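One-letter residues, chain by chain:
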Amino acid sequence: MDMNMNNNNNKGKSKLKQNQKKRVELILLILYAIGFYAFCICRSLHLSRDHFSKLHGLRAGWLFPPRLNDVSDAQWRNFRANLPILTLVFGVFTMLANIAGKSFHFRAKGMSIIWLFLSLIYLSYLHGACIIFILLIASANFLLVKIFANAKYFPLLLWIFNLVFLFANRVYQGYSFSKFGQHWAYLDKFRGTFRWHICFNFVILRMISFGYDYHWAHRDSHFDQEKHIRRCHVCKSGKVCYQILQERNVHTNNFAFTTYLSYLVYAPLYIAGPIISFNAFASQLDVPQNHYSIIEVTWYGLRWVFSLSLMELMTHLFYFNAFAASGSWKKLSPMDIFIIGYGVVNFMWLKFFLIWRYFRFWSLIAGIEAPENMPKCVNNCQNLESFWKSWHASFNKWIVRYMYIPLGGSQRKLLNIWVIFTFVAVWHDLEWKLLSWAWLTCLFFVPEMLVKSAANAFQAEGALGGFVFRELSAVAGAITITCLMVANLVGYVIGPSGINWLISRFLSKEGLHVLGFMLTSFYVGTKLMFQIHDAKQRMQ
């Protein structure tokens, strides 16, 4: 008995020492992180102050006058400028839809007609007469699904149809009415304020979703709802999570033409998403989402306002995107190139975070829950898999459901990623730099998958084995984050022609020191992510 007590005491002391070491490590990691961000902020301020006269896309700012504001990103500039009118329109739309739904006790059919009517008003302003193209292609897709849904070759037919229009819309720049006859040429004067074929990329994803969900509605579902409810904390609380809404087949009566069109052009999610499956949309037209309470939706909106304030502060103080857009950063030192590159990635994340959460917020008010597109901060992803689950996450869910699993899932993972990322690139646009981004990402994915397979087979024994495994994982995380930065800069900033320039700058004598600093900083960041993950597990 005394021996057992001694053993317990020794284990307790050993665990106490380990906790103390972890605490010391956490303090050192936090101190390094504070130093790193303090250095990056100070250097970014100096760069913005010293080079602002050479940068393009700066406008008079409203914070800290006469400081300028970086609005060089066209997507952010347009969204920011249209925020007041968008807020007014969606405020009116959601109010009318909610009042009509509650007053007349509308279910799926009634709500689909309400939202179809409101959304067509919205699209008429955006696209003018080009709404005809949208309705014609959508109607053709509906007929194809209804006629061939039970055929074995239906998935192939569905993909061919939608890919043809994905490419044709881009190649012909949304078509001209005059090409269909001179008596239609006058309609080219009424093309609206927004290019319809850009938004139609999202419509194509919804048309494919409708086709597959209707195809699967005639088959037995493999989704184990009871097993999911036992594991899901949301479903355990009596609410309904998004996965249930997506995986649970809706009745075939819900696959009506009005519901289908309402789904394709649903105003709050039409321009930018998030992407929602047809099953989930139709279910929530019938019974509005109960995952988020009114208080939680309000708090969600207030957090968005706070995030917008951070973006305004960032674009007034740091001109990251203006450096990238003007090409001025190519004349800077390797350290400054790293800081600008890191800043551009964070700017891109915050931009998409704000755009996607804005539209998701209005959808939640309307009673339709869409997946969160940015569930994690970009600085809290240490591997490619977690990054792509957290960046445009609704697109990731769509890809898993309608591409990855039908292509064979994990059994053909190495082959599937090439098909999937190539589609993701051409879906965004027909540009070589996006294909370069896609194929670079695939190249970086291959070693990560091989290392993960080896890690799963390897069983770390004892404290030393666990320590070595954790350190190697942190090193791998640092390399992965560096690769992600390179892939995103190539895809969205410098293009494939800039790869050689980027490599040459960081393999120079000065650049090697910066590369070492960068890898060290990302190593520390990865270790901090491990600490956050451990803390979350202890809280569960």
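Residues numbered from 1 in each chain as written. Predicted model: local features only at pLDDT ≥ 70, side-chain atom pairs only at ≥ 80, totals over all residues. Heavy atoms only, no water.

Draft legend 1. Spotlight on the overall build of the chain. Each helix and strand counted, the chain has 23 helices and two strands in total. The C-alpha atoms of the chain give a radius of gyration of 26 Å, which matches the 24 Å a tight globule of 540 residues would have. A principal-axis box enclosing the C-alpha atoms of the chain has dimensions of 85 × 70 × 45 Å. Counting only residues that meet the buried cut, the chain has 49% of its 540 residues in that class. Put simply, of all contacts in the chain between residues at least 6 apart along the chain, 74% involve residues at least 24 apart. When the accessible surface of the chain is totalled, it reaches about 27,500 Å², and 66% of it is carbon and sulfur. (Helix = DSSP H or I, 4+ residues; strand = E, 2+ residues; numbered from the N terminus. Rg over C-alpha atoms; globule rule 2.2 N^0.38 Å. Buried < 20%, exposed > 50% of the residue type's maximum accessible area, 1.4 Å probe, protein only. Contact = heavy atoms within 4.5 Å. Areas by Shrake-Rupley, 256 points an atom, 1.4 Å probe, with all protein chains shown as cover.)

Draft legend 2. Representation of the domain arrangement of the chain in the model. Looking at the chain, the domain boundaries give domain 1 (108–283) and domain 2 (374–539). Domain 1 puts 21 residues into the contact, and the matching count from domain 2 is 15 residues. The contact between domain 1 and domain 2 buries some 1,700 Å² in all, and 68% of this surface belongs to carbon and sulfur atoms. At the boundary of domain 1 and domain 2, one finds three salt bridges. Taking the shortest distance from any N to any O, the salt bridge between aspartate 213 and arginine 401 comes out at 3.0 Å. Run the count over domain 1 and domain 2 and you get ten residue pairs in polar contact (both at pLDDT 80 or more). Broken down by secondary-structure element, the contributors of at least two residues to the side of domain 1 that touches domain 2 are helix H6 (154–171), helix H7 (196–217) and helix H10 (242–247). Partitioning the side of domain 1 that touches domain 2 into residue classes produces 13 nonpolar, five polar and three charged. (Domains from an automatic or database assignment. Buried area = accessible area lost by both parts, 1.4 Å probe. Salt bridge = Lys/Arg side-chain N within 4 Å of Asp/Glu carboxyl O. Polar contact = N/O pair within 3.5 Å; in protein donor to acceptor, adjacent residues only side chain to side chain. Nonpolar A, V, L, I, M, F, W, Y, C, P; charged D, E, K, R; others polar.)

Draft legend 3. The arrangement of the environment of lysine 146 in detail. In this fold, lysine 146 is placed in helix H5 (residues 131–148). Sequence separation of lysine 146 and leucine 166 is 20 residues, and the distance between their C-alpha atoms is 21 Å. Those residues in contact with lysine 146, other than ones at most four positions away along the chain, are Tyr214 and Phe255. A polar side-chain atom of lysine 146 sits 3.0 Å from the main-chain carbonyl oxygen of phenylalanine 255.

Draft legend 4. Molecular detail of the packing of H6 against helix H19 (residues 413–428). It is at 10 Å that the axes of H6 and H19 come closest, and there the two elements cross at 40 degrees. Relative to H19, the element H6 is oriented oblique. Along the contact surface, H6 presents Trp159, Leu163, Leu166, Phe167 and Arg170, while H19 presents Phe423, Val426, Trp427 and His428. Counted by class, the contact of H6 with H19 contains seven nonpolar, one polar and one charged residues. (Axes fitted to C-alpha atoms, helices over the stretch in contact; angles between N-to-C directions. Parallel < 35°, antiparallel > 145°, perpendicular 65-115°, else oblique.)

Draft legend 5. Here's a closer look at the environment of leucine 55. Within the fold, leucine 55 resides in the loop between helix H1 (2–51) and strand E1 (58–60). Note on leucine 55: relative accessible area 9%, which makes it buried. When the C-alpha atoms of leucine 55 and glycine 301 are compared, they prove to be 34 Å apart, with 246 residues separating the residues in sequence. Contact partners of leucine 55, with chain neighbours within four places excluded, come to Tyr319, Ala322, Phe323, Ser326 and Ser328.

Draft legend 6. Here's a closer look at the packing of H6 against H7. Here H6 crosses H7 at 175 degrees, and the two axes come no closer than 10 Å. Considered as vectors, H6 and H7 are oriented roughly antiparallel to each other. Facing Phe154, Pro155, Leu158, Trp159, Asn162, Phe165, Leu166, Asn169 and Arg170 of H6, the residues of H7 in contact are Trp196, His197, Ile198, Phe200, Asn201, Ile204, Met207, Ile208, Gly211, Tyr212 and His215. By residue class, the composition of the contact of H6 with H7 is 13 nonpolar, six polar and one charged.

Draft legend 7. Region of interest: helix H13 (residues 278–286). Taking burial as the measure, the nine residues of H13 include eight buried ones, the bulk of the element. Taken residue by residue, H13 has Phe278, Asn279, Ala280, Phe281, Ala282, Ser283, Gln284 and Leu285 as its buried positions. For H13, the secondary structure elements touched by its buried residues are helix H4 (108–127), H7, H10, helix H11 (257–265) and helix H18 (393–404).

Draft legend 8. How the structure looks around the packing of aromatic side chains. What the rule picks out here adds up to 64 aromatic pairs. Judged by centre distance (5.0 Å) and plane angle (75 degrees), the ring pair of phenylalanine 36 and tyrosine 37 falls under edge-to-face. By relative accessible area, which is 7% here, phenylalanine 36 ends up buried. An angle of 80 degrees between the planes, with centres 6.1 Å apart, marks the rings of phenylalanine 39 and phenylalanine 517 as edge-to-face. Linking phenylalanine 39 in helix H1 with phenylalanine 517 in helix H23 (residues 509–539), this pair joins segments that are 478 residues apart in sequence. Overall, the relative accessible area of 22% leaves phenylalanine 517 in the partly exposed class. One aromatic cluster is present, built from ring pairs that chain together Trp115, Phe142, Phe210, Tyr214, Phe255, Phe257, Tyr260, Tyr263, Tyr266, Phe278 and Phe281. (Phe/Tyr/Trp six-rings, centres within 6.5 Å; stacked < 30°, edge-to-face > 60°.)

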